[in-house]
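Fold and contact review
Residue strings, one per chain:
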Number of protein chains: 2
Amino acid sequence: MTKCRLLVSHTRFSSNPRSSRKSTSSTYSSSFMNQTIGILGGGQLGLMLIQAGIDWNLRIHCLDPDPQAPCKDLCTQFTVGALTDYDTVYQFGQAVDVLTIEIEKVNVDALEALEREGKRVYPQPHVIRQIQDKRTQKRFYQAHNLPTADFILTDDRAHVAQLAQDVPELLPAFHKLGRDGYDGRGVQRIATPADANKAFDAPGVLEKAVDFEKELAVIVARNADGEVRTFPTVEMAFHPELNLVEFLFSPADITPAVDEQAQAIARQVAEAYGIVGLLAVELFLDKQGKVLINEVAPRPHNSGHHTIRANRTSQFEQHWRAILNLPLGDTTAHGPAAMVNLLGDPGYSGPAQYEGLGTLLAMPGVSPFFYGKAQTRPGRKMGHITVLDASVAALKEKALLVKDSIRVISH
Amino acid sequence: MTKCRLLVSHTRFSSNPRSSRKSTSSTYSSSFMNQTIGILGGGQLGLMLIQAGIDWNLRIHCLDPDPQAPCKDLCTQFTVGALTDYDTVYQFGQAVDVLTIEIEKVNVDALEALEREGKRVYPQPHVIRQIQDKRTQKRFYQAHNLPTADFILTDDRAHVAQLAQDVPELLPAFHKLGRDGYDGRGVQRIATPADANKAFDAPGVLEKAVDFEKELAVIVARNADGEVRTFPTVEMAFHPELNLVEFLFSPADITPAVDEQAQAIARQVAEAYGIVGLLAVELFLDKQGKVLINEVAPRPHNSGHHTIRANRTSQFEQHWRAILNLPLGDTTAHGPAAMVNLLGDPGYSGPAQYEGLGTLLAMPGVSPFFYGKAQTRPGRKMGHITVLDASVAALKEKALLVKDSIRVISH
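The name given to chain A in an unreviewed UniProt entry is N5-carboxyaminoimidazole ribonucleotide synthase, with Fibrella aestuarina BUZ 2 as the source organism. Note on chain A: under the UniProt heading Catalytic activity (unreviewed entry), the record states "5-amino-1-(5-phospho-beta-D-ribosyl)imidazole + hydrogencarbonate + ATP = 5-carboxyamino-1-(5-phospho-D-ribosyl)imidazole + ADP + phosphate + 2 H(+)". Quoted straight from UniProt, the Subunit (unreviewed entry) entry for chain A says "Homodimer."

Some remarks on the overall build of chain A
Secondary structure assignment for chain A yields twelve helices and 22 strands. Here the C-alpha radius of gyration of chain A, 21 Å, is about what a compact globule of 411 residues would show, namely 22 Å. Along the longest, intermediate and shortest principal axes, the C-alpha atoms of chain A span 70 × 55 × 45 Å. Looking at chain A residue by residue over its 411 residues, the buried ones come to 60%. Contacts spanning at least 24 positions in sequence make up 63% of the contacts within chain A whose residues lie at least 6 apart. Accessible surface, chain A: about 15600 Å² in total, of which carbon and sulfur atoms supply 51%. When the 42 positive and 46 negative side-chain charges of chain A are each reduced to one mean point, those points stand 5 Å apart.

Description of the relation of the copies chain A and chain B
Here chain A sits on chain B after a turn of 180 degrees about the axis and a move of 0.0 Å along it, with an RMSD of 0.0 Å. Here the two chains are linked by the operation of a two-fold rotation axis. Within chain A, the C-alpha atom positioned nearest to the axis of rotation is that of Leu74(A), 2.3 Å from it. A shared binding surface is used by both copies, with 100% of the interface residues of chain A retained as interface residues in chain B.

Comments concerning the state of the cysteines
Cysteine pairs can be linked by a disulfide, which is a covalent bond between their two sulfur atoms. Taken as a whole, this structure holds zero disulfides over all chains when the rule is applied. With no disulfide of its own, Cys75(A) has Cys62(A) as its nearest cysteine by sulfur position, at a separation of 4.0 Å.

A word on the interface of chain A and chain B
With 50 residues of chain A in contact, the opposing surface of chain B contributes 50 residues. Buried area between chain A and chain B, summed over both chains or domains, comes out near 4400 Å², and the portion from carbon and sulfur atoms is 54%. Applying the counting criterion to the chain A and chain B interface returns four salt bridges. Close ionic contact of Arg309(A) with Asp55(B) constitutes a salt bridge, the shortest N to O distance being 3.0 Å. Applying the counting rule to chain A against chain B returns 15 residue pairs in polar contact (both at pLDDT 80 or more).

Conventions used here
- Residues numbered from 1 in each chain as written.
- Chains lettered and ligands numbered in written order.
- Predicted model: local features only at pLDDT ≥ 70, side-chain atom pairs only at ≥ 80, totals over all residues.
- Heavy atoms only, no water.
- UniProt positions renumbered as here; feature names shortened; annotations may be inferred.
- Helix = DSSP H or I, 4+ residues; strand = E, 2+ residues; numbered from the N terminus.
- Rg over C-alpha atoms; globule rule 2.2 N^0.38 Å.
- Buried < 20%, exposed > 50% of the residue type's maximum accessible area, 1.4 Å probe, protein only.
- Contact = heavy atoms within 4.5 Å.
- Areas by Shrake-Rupley, 256 points an atom, 1.4 Å probe, with all protein chains shown as cover.
- Lys, Arg positive; Asp, Glu negative; His and termini not counted.
- Charge placed at Lys NZ, Arg CZ, Asp CG, Glu CD.
- Least-squares fit on C-alpha atoms with pLDDT ≥ 70 in both.
- Disulfide = S-S within 2.5 Å.
- Buried area = accessible area lost by both parts, 1.4 Å probe.
- Salt bridge = Lys/Arg side-chain N within 4 Å of Asp/Glu carboxyl O.
- Polar contact = N/O pair within 3.5 Å; in protein donor to acceptor, adjacent residues only side chain to side chain.

Encoded structure:
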């Protein structure tokens, strides 16, 4: 009988997800507990996915090129291998029931082959392919009438130099590498034609710089049944030099009208992609009160880490619910929250040491997360700190205190 | 330099914890991140400790007799071995920096030997020894003027039979096995002299049954510096037959005066034992409004599982903070919470199946935790469900709905 239920569920999941919309709640059998899930990538996001999966005793395999990847001791089975290698990804996927990612830079051809054979791969390979290149991402927004900054696709550095001369109204602009940019890398500011020498000599996007009021983000989830849920809109403050999120506040300090725009856009993008899984939507609020899409990531995201402590369902649990086609979780916040990224102090490289830990740990409503990286470097993401308080004003003050209380250095 | 800091910290921790009270916050170096922690027991509580430890990238070894113990895939190193065997425990302890427990039934002689050699063992072996036998537990309360129900220590079944005749004012009473009782086992109700045949034929305690209004619990933590923090007082409703907690509500619906008693007693017990770590204090509120200690457990406890979702610091993080001698965490609750134990349905034994999962997972503010046990049995603890709501009235209603929505059965 158990076997039979499992088979029924498998068929249901893998054939045509849309057709199962009318399924009754009884079809949510316990089969998800008996499945093996594979994660491409064994980094910090994978680790937090595994941590959330412990609540439901999920069996999780990880693939990562680094034998010392954060997930190595925590997943049920750890495989060392290249995420960009067809055979490696294909074979890894063969051994699991559901396959997901914690990083976009994976071999999508292998995922497509697995999908064709009936494997559940979420987010779907075609969505990963669309998103992993900023060029197709931008064209997708354009094609779906989703608001985003003006842009021109570029072939190489010479092309950027020519555009900077010929289309001066696009400047100041950002030149973004089409593929493989991450954590602030892969972006260069082009203010004048002379800056074109900083452009990437590879396919990219030259995007008009948005004179923005704030940077916002909305994490949205969609399951195979088509249920969509968003987390509250958050506001991010970036480090001036590192182009990394330094502070995040939830909820964002915006008008209800702006919030409605942000929430609606996030839903629209998720539905336009038809994504199954989590989608992190980074947004600009411009000086005219208009919300524009900056970029998206089809996975858990740094802008949702606070949800572990601050919301009824975390982004990580929500990802599991979405890819296992379970009802999505309640994203209600307990109250206002902040997230402070713990970055390696400028000027220190070497074995990491944490100055001010005692002060930090004694602060009420403060939850630090340490990623356990042995070595610090200037601006390296060493952890993050979630801050809760009853009032927004007190929270903002506390977030600054938190930031000042701790330093990652090296002697 | 790193090595040096580590040594300083070790000395500080292991020599005389009291002497370090005046230590400045800078002595909370990051050394705790580089330590290996051992847990005696690799069960569900160990699993939840590991899960919380992931936030800080703690390196954790587990010892458990069951090769299939829940922690086997999640700890950094898993050892199969008897927790009651001297050599096994001693050798396991040799390889770690800090040793703790998730179950009391361990070889305390080995822990004492390790402690004598300077190993940090928390809770301390003498505390475990005091608590693991209900006889010494009761005598301890008496010796420290801590309120508890009247009792007489008993040698064997014949002794109980004789007392039931000679001291009728003690009846109705509970006969409790001195050692090795757990989860409702090891307790028999003795209402009349004729019931004495149900008494245990081993050393125990005959304790006058408290005509109680409610059963309460307070989880308290104490670190080596002597800092003490309690979680809010909770109220438990036990299953009428199984003697297992069926519902838990936080905070308890009690008067401020009763709450003060409960909180004060929990602190007093923790301080009387001088425990380092978590202490779960189960209490009776009698019909006269007096709070009495029922029993204690020197570890994380079922009555604190809701803290994972409902409080700023969970009981599991608090245990780490306590045994690593870090400042204790803020135990503020986000709001009212309930916990429903997910027990195997009566009349079903075999491979576990979950009926009603879809309904359960779709309920707002409801977080199920599944322990992944393959087999169900009547009354077996298969998981628990945390329920949050803005108001206590709505919460109580929702907890009942949750209870009715899901069944663990077998076909």
